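Chain residues, written in single-letter form:
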Amino acid sequence: QVQLVESGGGLVQPGGSLRLSCVASGIIFSINDMNWYRQAPGQQRELVATITSGNSTNYPDSVKGRFTISRDNAKNTVYLQMNSLKPEDTAVYYCHVRVRYIACWGQGTQVTVST
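Residues numbered from 1 in each chain as written. Predicted model: local features only at pLDDT ≥ 70, side-chain atom pairs only at ≥ 80, totals over all residues. Heavy atoms only, no water.

Caption draft 1: Looking closely at the pairing of strand β11 (residues 109-113). Burial along β11 is one-sided: the residues T109, V111 and V113 are buried and none of Q110 and T112 is. Across three bridges, strand β2 (residues 10-12) lies against β11 in parallel orientation. Within β11, the residue paired with G10 across the bridge is V111. With three bridges joining them, strand β9 (residues 91-99) and β11 adopt antiparallel strand pairing. Following the sheet pairing, V92 is matched in β11 by Q110. (Buried < 20%, exposed > 50% of the residue type's maximum accessible area, 1.4 Å probe, protein only. Helix = DSSP H or I, 4+ residues; strand = E, 2+ residues; numbered from the N terminus. Pairing = 2+ DSSP bridges.)

What follows is the structure, encoded as structure tokens:
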């Protein structure tokens, strides 16, 4: 069974920072590309960061320069450092990995950016 468990969400003020963590089990973590998605109410789920097994990263323009994805293979953990947070970043953030043809998702962690 593949299991992804996110943590680190919470309530922050605009301009603040959060660091999300996702601990993976049931996969050979080091050989898999890892992703972070987010979904706000009434919105489609959006890819916000990707990190490959070779540590290449990709971000959409909406978060580029503010978010940083990283991984620690020894801990089977992928992180999402989020800086300069904006109200529009408010969403449930999900860890994701594709194992062959199967997409695996974490339970999500809520990030709320508000005064």
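Caption draft 2: View of the pairing of strand β1 (residues 3-7). Of the two faces of β1, the one lined by L4 and E6 is fully buried and the one lined by Q3, V5 and S7 carries no buried residue. Strand direction decides the pairing type here: β1 and strand β3 (residues 18-25), joined by five bridges, are antiparallel. Bridging across to β3, L4 finds its partner in A24.

Caption draft 3: Quick look at the state of the cysteines. Summed over all chains, the structure comprises one disulfide. Sulfur-sulfur distance for the disulfide between C22 and C95 comes to 2.2 Å. Torsion about the S-S bond of the C22 and C95 cystine: about -85°, corresponding to left-handed handedness. Pair noted here: C22 is in strand β3 and C95 is in strand β9, with a separation of 73 residues, a long-range link. The closest cysteine sulfur to the non-disulfide-bonded C104 is located on C95, 10 Å from its own sulfur. (Disulfide = S-S within 2.5 Å.)

Caption draft 4: Up close: the environment of N76. Assignment of secondary structure puts N76 in the loop between β7 (67-72) and β8 (77-82). Among the residues examined, N76 registers a relative accessible area of 25% and is labelled partly exposed. Residues N76 and V23 lie 53 residues apart in sequence; the distance between their C-alpha atoms is 5.8 Å. Residues contacting N76, with those up to four places away along its chain left out, are C22, V23, A24 and F29. (Contact = heavy atoms within 4.5 Å.)

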